[in-house]
Amino acid sequence: MRSLLALVTASGFLCLAGPGVAQPVGQFPFALTREGQMLGGVEGEVAFFKGLAYAAAQVGPLRWRPPQVTPESSEMRTAYEYAAPCLQPSLPNAREDCLTLNVFRPFGVDGPLPVMVFIHDGAFVNGTANDPLFDGARLAQAGLIVVTVNYRLGVLGWLTHPALSEGGSGNYGLMDQIAALHWVHDNIAAFGGDARNVTLFGSGAGATSIALLMLCGEARELFQKAILQSLPGRVRLRSRQEAEAWGLQFVATLGQDGADLRTIAAAPLLAAQRKLLAKSPHGFAPVIDGGLVAEDIAAGFAAGHQSRIPLIVGSNDDETGFDSEPEIAEAMASSGAAPEQLYPDLTRPSLAARFYTDKVFSEPVRLLARLHAAIGAPTYRYRFAYVPEARRANPEGGHGRELQFIFGAEGVPGAGILSRRDREVASRMRGYWINFAKSGDPNGPDLPRWDAAAGSDRLLLIANDRIASGDDPFAERLDRFADESRK
């Protein structure tokens, strides 16, 4: 049932297109998958298929269970619009029935093409693959298939509770990501993609997920390369016992003793989640369950348990954001180092941001790069320090800033209009990601050389004035954080 992408004449299907979808006259992109015949849309040179279900709706009796496969079908379905985001307080149109993904591909280009699968950020409680910032068209124009994935969030994605132990642990969001990768493996040929050349990429929570998938035997054969952006690599995951205690606290906050958790409406669940997250922002996240997740990321990489695949790993020069104040305070309070000695030239606000960035992101990223290179896998490390020209007078937080440059989005929420110089930097950075997805090596003839990280502290610095490989200028400072972590 896995046919290659076909073109269907418009005469039979024109009525299905609907308003507002740009289509070339006489042609629609069409793909035959296990779940049915998918009719997509076209904008410019890119075909898109949005809102494709990769698992059954996890509602009612399927809530807090591993994702279930969708039934086979021969029906024709249109895929012109995004489906609903996964349930979260910040998006009014979000709902539980959300296990969908979106596919972007160059229109009229024969495959098999390399595949990039994006896992979004949002601290495991927010976010969606449907964000206009993550439109895969610019990447797809370079001859790639781009897949963006929605997965369960917050209490619905990560609740661990003794009453829900059948069929798995509380890592339902991670199970969803694995189910999406199985869908890609089984169906991507229908869109012209190569299931043997899949690269995962993501930032923050997305990068954490990918690192855990690199350590997960169940996912090992489903992707061949990975890009970890802004990964808090030393993060300590909760044990199953700690997660169950948190789950019991959630049920107590819910205040519905004796009720079947799978029958409670979504609104009370989100209200209880909001109360608990006010106390602990990272209460709903992956846990060490002894199954999908056996160890912390740093420990797993140190033991060499990760997939031996090509890896890009890096962070931003400023990893703060609008919601990072509690994390900054926690990082500074828990450290034995004296920030003023590490950064004698910085004032207090800048000092706090730099301290947090180096402790939580820069040093752990360097550690994972060293550990991955040590097992003989191609490893490329970067630091993104570029600030769009229009924002340099007031840079604000930098966490996730690189995403606009990779996806090439402009004029959408979270992504302003870029200058000519901004676009040059974006084109080069996107070029590295594209080359890596195609071959496992980010280098290309029109790009500054990116040295591998093997055996050294080499990294690619993407700064306002240059893009170049070199020795890490922060090495001595990061050494002190590393020494502190070993105590």
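Residues numbered from 1 in each chain as written. Predicted model: local features only at pLDDT ≥ 70, side-chain atom pairs only at ≥ 80, totals over all residues. Heavy atoms only, no water.

Trainee: Quick one: what's the story with the overall build of the protein, residue by residue and with numbers?
Mentor: Regarding its fold elements, the protein presents 14 helices and 17 strands. For 487 residues, the compact-globule formula gives about 23 Å, and the C-alpha radius of gyration of the protein, at 22 Å, lands near that figure. Taken along its principal axes, the extent of the C-alpha atoms in the protein is 70 × 65 × 40 Å. Out of the 487 residues belonging to the protein, those deemed buried represent 57%. When the accessible surface of the protein is totalled, it reaches about 19,300 Å², and 53% of it is carbon and sulfur. (Helix = DSSP H or I, 4+ residues; strand = E, 2+ residues; numbered from the N terminus. Rg over C-alpha atoms; globule rule 2.2 N^0.38 Å. Buried < 20%, exposed > 50% of the residue type's maximum accessible area, 1.4 Å probe, protein only. Areas by Shrake-Rupley, 256 points an atom, 1.4 Å probe, with all protein chains shown as cover.)

Trainee: Can you explain the environment of Phe407? Please cite residues and give values.
Mentor: Tracing the backbone through its elements, the reader meets Phe407 in helix 12 (residues 402–407). Overall, the relative accessible area of 1% leaves Phe407 in the buried class. Sequence separation of Phe407 and Ala83 is 324 residues, and the distance between their C-alpha atoms is 20 Å. The residues contacting Phe407, other than those within four sequence positions of it, are Phe118, Leu133, Phe134, Asp135, Gly136, Arg138, Leu139, Phe201 and Arg430. (Contact = heavy atoms within 4.5 Å.)

Trainee: So what about the packing of helix 4 (residues 172–187) against helix 5 (residues 205–214)? Which residues, and what values?
Mentor: Relative orientation of the contacting elements helix 4 and helix 5 amounts to 70°, with a least axis distance of 11 Å. In terms of orientation, helix 4 lies roughly perpendicular with respect to helix 5. Across the interface between the two elements, Leu174, Gln177, Ile178 and Leu181 of helix 4 pack against Ser209, Leu212 and Leu213 of helix 5. Here the residues of the contact of helix 4 with helix 5 sort into 5 nonpolar, 2 polar and no charged. (Axes fitted to C-alpha atoms, helices over the stretch in contact; angles between N-to-C directions. Parallel < 35°, antiparallel > 145°, perpendicular 65-115°, else oblique. Nonpolar A, V, L, I, M, F, W, Y, C, P; charged D, E, K, R; others polar.)

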